[in-house]
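# Breakdown of the fold
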Amino acid sequence: MRIVVCVKHVPDIQSDRSLGATCRTVRDGGDGTLNELDENALEAALSLVEAAGEGEVVVLTVGPDDAVDAVRKGLQMGADEAVHVVDDAIAGSDAIGTARVLAAAIRHLGGADLVVTGMAGLDGLTSVVPSALAALLDVPALPLAAELVLDGSTVRVTRHLDRVTEVLEADLPALVSVTDQANEPRYPNFKGIMAARKKPVTTLALADLGLDADQVGEAGARTEVLEAAPRPVREDRVLVHDTGDAGVRLAAYLVENQLV
């Protein structure tokens, strides 16, 4: 069984982030990290392989040179192989363009029995890539899984939605995106960190995947950011000092502003 886990290198959410002249997130600050929600995806894949007693986990990313840190973290956590797709033409890709590159890379690797992703990237929070990737691979999509199990050639997930819990299943091959409720990601131990140093990272370019530059990047994007600006500073804040009647004053403020 081969499981491919798609991960993303994102700016540290605790750092200051900014948008460049082209309204794209500036990613050259040197403070990037593996997307936290993708750690849940990797943990889910590793747990499935460990439970089955066989199989391999391949961690895959698309991004600039420093994105390799994301797959190296995956190797430290226990992934068997790492693949990094890097090409200048990919810069500026939207969710569909990113999914197109990931799909081509998975096909180049010979396919996968199961593709696992995080529910979203913490830099964009679109949650679009998993479903787009499943469509491009022509496999069932089981998104937002809080629980994930394999039963032979069937994958079964449990989804906790606002007012209902769903159980979905599909035959392999399939794609599953997992939430942060799915598990508690493991921390790389010393043995894993040392073993990861001996595992190579396969680097691929668009030419290796049979993709043209006009299929990705800004040229192949289906969305365009026309304008972006920093969030303005709020000037209408009301600061209430509690002298014993703060609750009453707060309730009055909510009623006055029709917020209840």
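What this report covers is the structure whose coordinates are included nearby. (Residues numbered from 1 in each chain as written. Predicted model: local features only at pLDDT ≥ 70, side-chain atom pairs only at ≥ 80, totals over all residues. Heavy atoms only, no water.)

### Observations regarding the overall build of the chain
The following threshold applies: For helices the rule is a DSSP run of H or I covering at least 4 residues; for strands it is a run of E covering at least 2, with both sets numbered from the N terminus onward. Burial classes: relative accessible area under 20% of the type maximum marks a residue as buried, over 50% as exposed, and values in between as partly exposed (1.4 Å probe, protein chains only). Here, two residues are considered to be in contact whenever any of their heavy atoms come within 4.5 Å of each other. Computed with a 1.4 Å probe, the accessible areas rest on the Shrake-Rupley method; for each residue, only the protein chains presented here act as cover. Positive charges come from Lys and Arg alone, negative charges from Asp and Glu alone, with His and the N- and C-terminal ends not counted. In this description, the location of a charge corresponds to atom NZ of lysine, CZ of arginine, CG of aspartate or CD of glutamate.
When helices and strands are tallied, the chain shows eight helices and 12 strands. By principal-axis analysis of the C-alpha atoms, the chain measures approximately 65 × 45 × 40 Å. For the chain, with 260 residues in total, the buried portion stands at 38%. Long-range contacts, defined as pairs at least 24 residues apart, comprise 69% of the intrachain contacts of the chain with a sequence gap of at least 6. Looking at the chain as shown, the accessible area adds up to about 15,000 Å², and 49% of this sits on carbon and sulfur atoms. Where the 22 positive side-chain charges of the chain centre and where its 41 negative ones centre are 2 Å apart.

### Some details on the environment of G220
Locating G220 in the fold gives a position in helix α7 (residues 217-220). A sequence separation of 17 residues divides G220 from T203, and the C-alpha atoms of the two residues are 22 Å apart. If near-sequence neighbours (up to four positions away) are discounted, G220 is found in contact with R100, D214 and Q215.

### Overview of the side chain of R159
Let me state the cut-off plainly: For this analysis, a polar contact is any N or O atom pair within 3.5 Å, provided that within protein one partner can donate a hydrogen and the other can accept it, and provided that sequence-adjacent residues contribute only side-chain to side-chain pairs.
Tracing the sequence through the fold places R159 in strand β9 (residues 154-160). Here the side chain of R159 touches P143 through a polar contact of 2.9 Å, landing on its backbone oxygen. Not counting residues within four places of it along the chain, the set of residues in contact with R159 comprises P143, L144, A145, V164, T165, E166 and L168.

### With respect to the packing of helix α1 (residues 36-52) against helix α2 (residues 68-77)
Rules: Axis lines are fitted to C-alpha atoms, over the contacting stretch for helices. Their N-to-C directions set the angle, which ranges from 0 to 180 degrees. Crossings are sorted by hand: turned counterclockwise from the far helix by less than a right angle, the near helix makes the crossing left-handed, and turned clockwise it makes it right-handed. The nonpolar class holds Ala, Val, Leu, Ile, Met, Phe, Trp, Tyr, Cys and Pro. Asp, Glu, Lys and Arg form the charged class, and all remaining residues, Gly among them, are polar.
Close contact between α1 and α2 brings their axes to 11 Å; oriented N to C, the two are set at 35°. Here the hand of the crossing between α1 and α2 comes out right-handed. Contacts between α1 and α2 involve E39, L42 and L46 on the former and, on the latter, K73, G74 and M77. Of the residues in the contact of α1 with α2, the class split is three nonpolar, one polar and two charged.

### Comments concerning the sheet that holds β9
Worth spelling out the cut-off: Paired strands are those between which DSSP finds at least two bridges.
Here we have three strands laid out as an open sheet, ordered β8-β9-β10, and antiparallel in their pairing. Each of the sheet's edge strands pairs with one partner strand only, and the pair in question is β8 (147-151) and β10 (165-171). Taken pair by pair, the neighbouring strands of this sheet meet at an average axis angle of 20°, ignoring direction.

### Comments concerning a nonpolar patch on the surface
Applicable threshold: Like charges are joined within 9 Å and nonpolar side chains (Val, Leu, Ile, Met, Phe, Trp, Tyr) within 5 Å, but only among residues with over 30% relative accessible area and no salt bridge; these make up the patches. Salt bridges, as used here, are contacts in which a Lys or Arg side-chain nitrogen is within 4 Å of a carboxyl oxygen on Asp or Glu.
Among the surface-exposed residues, V238, V240, L250, Y253, V255, L259 and V260 lie close enough to one another that they form a single nonpolar patch of about 690 Å² accessible area. Inspection of the secondary structure puts L250 in helix α8 (residues 246-256). Looking at L250, the relative accessible area reads 49%, which means it is partly exposed.

### Some points on helix α3 (residues 95-108)
Defined as follows: Each helix should span, by expectation, one fewer than its residue count multiplied by 1.5 Å.
For α3, with 14 residues, the first-to-last C-alpha span of 20 Å sits near the 20 Å given by 1.5 Å per residue. What α3 keeps buried is the set G97, A99, R100, V101, L102, A103, A104, A105 and I106. Once α3 finishes, G110 follows within two positions and takes phi at roughly 95°, a positive value.

### What to know about the environment of L136
With respect to the helices and strands, L136 occurs in helix α4 (residues 129-137). On the basis of relative accessible area, L136 is assigned to the partly exposed category, the value being 35%. In the structure, L136 is positioned 17 residues away from S153 in sequence and 21 Å away in space, judged by C-alpha atoms. Setting aside chain neighbours within four positions, we find L136 in contact with I96, A99, R100, A103 and R107.

### Re unusual backbone geometry
Keep in mind that most residues, glycine aside, have a negative phi and that most peptide bonds are trans. In this structure, P173 follows L172 across a cis peptide bond, with omega equal to 0°. Along the chain, P173 turns up in the loop between β10 and β11 (174-178). The phi dihedral of L144 falls on the positive side, at around 60°, and the residue is not glycine. Tracing the sequence through the fold places L144 in strand β7 (residues 141-145).

### Things to note about the pattern of salt bridges
According to the stated counting rule, one finds eight salt bridges in the structure shown. The residue R186 makes a salt bridge to E43 at a minimum N-O spacing of 2.7 Å. Linking R186 in the loop between β11 and α5 (190-196) with E43 in helix α1, this pair joins segments that are 143 residues apart in sequence. R186 is the salt-bridge partner of E50, the closest N and O atoms lying 2.7 Å from each other. With a gap of 136 residues between them, E50 in helix α1 and R186 in the loop between β11 and α5 connect regions that are remote in the sequence. A network of salt bridges, in which partner residues are shared, links E43, E50 and R186.

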